[in-house]
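# Coordinate inspection notes
Below, each chain spelled out in residue letters.
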Amino acid sequence: MENASSGTNNGKKPSRLPKRIILVRHGESEGNVDKNIYAITPDHKVQLTEKGKEQSKKAGEMIRGLVCDSRNSGKGKVYFYVSPFLRTRETLKEIGAAFSSSEIIGVREESRVREMDYAKFHNTEKMDEYKKERERYGKFFYRFPGGESAADVYDRVSGFIESLWRDIDMDMISYGANDDINLIIISHGLTIRVLLMRLFRWTAEQVDNLTSPKNAEVRIMELGHEGEYSLALHHDDQTLEKWGLSPEMIANQKLRAYPPKVDLDKRVFSTNYFDHLANIFNLDVKKK
């Protein structure tokens, strides 16, 4: 992720940043229980189940406990971005109920963090065929006929991130000088993976190995060392590994979170993007 700067040219981060960016997948939906629901209901109109509402409620309580704890009395504020799909808006309703009106400084529906467009999801047999084809072709670049690829989602998510930095820099998200602002983005599984890819500049191959969040699962990025966001301040190595992060990706998250230590494994510092390319293409990268 880029270092903090005083402006937002070229998508750079503004100088004053939210303390946390919290990504939340929607709760269990009817489509998660029965994929045949897509044959009679458009994707954007699929609702949460009762279990999904309860999951979302618990996620809201957990998030509020984190951002509005007793040590942070009166300072923790939240600003929501939500996908326009019904299941994400229903998730927002349950999460938002955990907060008082004074703790919520804004809510914005944001179409660029919507679910990937599968186009022909209503034809479940054909969709199964397309998903098998995607496994052979490559998850990130495969475009569903008439729909989107993960690469297409990346393009619109990139525009959203640039707009987000600009809104913060221009004080479009208004909050007090002593407030700890927490951005909560309620979205979908693949979109959340792509958001993380964009923020941390991960490669397509790295994202293909990631797992999507479970229903109502929360992934928390917090400002760490030198103003860099990191997943390592709230999630341990075992959790990050379970999500599909490689040892090198986990080490990078730690470097973002904490000042470097002399006794850290030297592999933390020697592994870089060129090492990654060498592994992919079997290249001989000479060390200086």
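Think of each chain on its own: its residues are numbered from 1, step by step along the sequence as written. Side-chain atom pairs in this predicted model are given and counted only at pLDDT of 80 or more, local residue features only at pLDDT of at least 70, and totals for whole chains, interfaces and linings cover all residues. Based on all heavy atoms of the structure, the side-chain values leave hydrogens and waters out of the count.

## A short note on the sheet that holds strand β5 (residues 218–223)
The criterion for strand pairing is that DSSP finds at least two bridges linking the strands in question. Per the convention used, a helix needs a DSSP run of H or I reaching at least four residues, while a strand needs a run of E reaching at least two, with both numbered from the N terminus. With mixed pairing, the six strands of this open sheet are ordered in space as β3-β2-β4-β1-β5-β6. The two strands at the open ends of the sheet, each matched to only one other strand, are β3 (104–109) and β6 (229–230). Here strand β1 (residues 20–25) runs beside β5; their pairing, made up of five bridges, is antiparallel. For L23, the partnering residue across the bridge sits in β5 and is R219. When checking whether two residues touch, look at their non-hydrogen atoms; a contact exists if any pair is within 4.5 Å. Note on method: axes are straight lines fitted to C-alpha atoms, helices fitted across the in-contact stretch only, with angles between N-to-C directions ranging 0 to 180 degrees. Helix-sheet contacts for helix α3 (residues 86–96) involve β1, β2 (76–82), β3 and β4 (180–187), and the interaxial angle to β2 is about 165 degrees.

## Observations regarding the pairing of β3
Looking down a regular strand, the side chains alternate between one sheet face and the other. Of the pairings in the sheet, the one linking β2 to β3 comprises five bridges and is parallel in character. Note that in β3 the partner of V82 across the bridge is E109. Clockwise travel from the first strand over the helix to the second, with the strands pointing away from the viewer, marks a crossover as right-handed. For the crossover that starts at β2, traverses α3 and ends in the parallel β3, the hand is right-handed.

## Let's talk about the side chain of S83
Relative to the helices and strands, S83 resides in the loop between β2 and α3. For S83, the contacting residues outside a window of four places in its chain are T88, R89, E109, E110, V113, R114, E115, I186, S187 and H188.

## Description of the UniProt feature "active site" (unreviewed entry) in the protein chain
Residues annotated by UniProt as "active site" (unreviewed entry) correspond here to H26 and E115. The largest pairwise C-alpha distance within this set of annotated residues, which runs over 90 residues, is 10.6 Å, so the set is compact in three dimensions. Mapped onto the secondary structure, H26 falls in the loop between β1 and α1 (30–33). Once residues lying within four places of it in the same chain are set aside, the contact partners of H26 are N32, R87, T88, T91, S187, H188, N215 and A216. Between N or O atoms, a polar contact is any pair within 3.5 Å; within protein, one atom must be a potential hydrogen donor and the other a potential acceptor, and residues adjacent in sequence are included only when both atoms are from side chains. At a separation of 3.3 Å, a polar atom in the side chain of H26 contacts the side chain of R87. UniProt positions are given in the numbering used here, feature names are shortened, and annotations may be inferred rather than shown by experiment.

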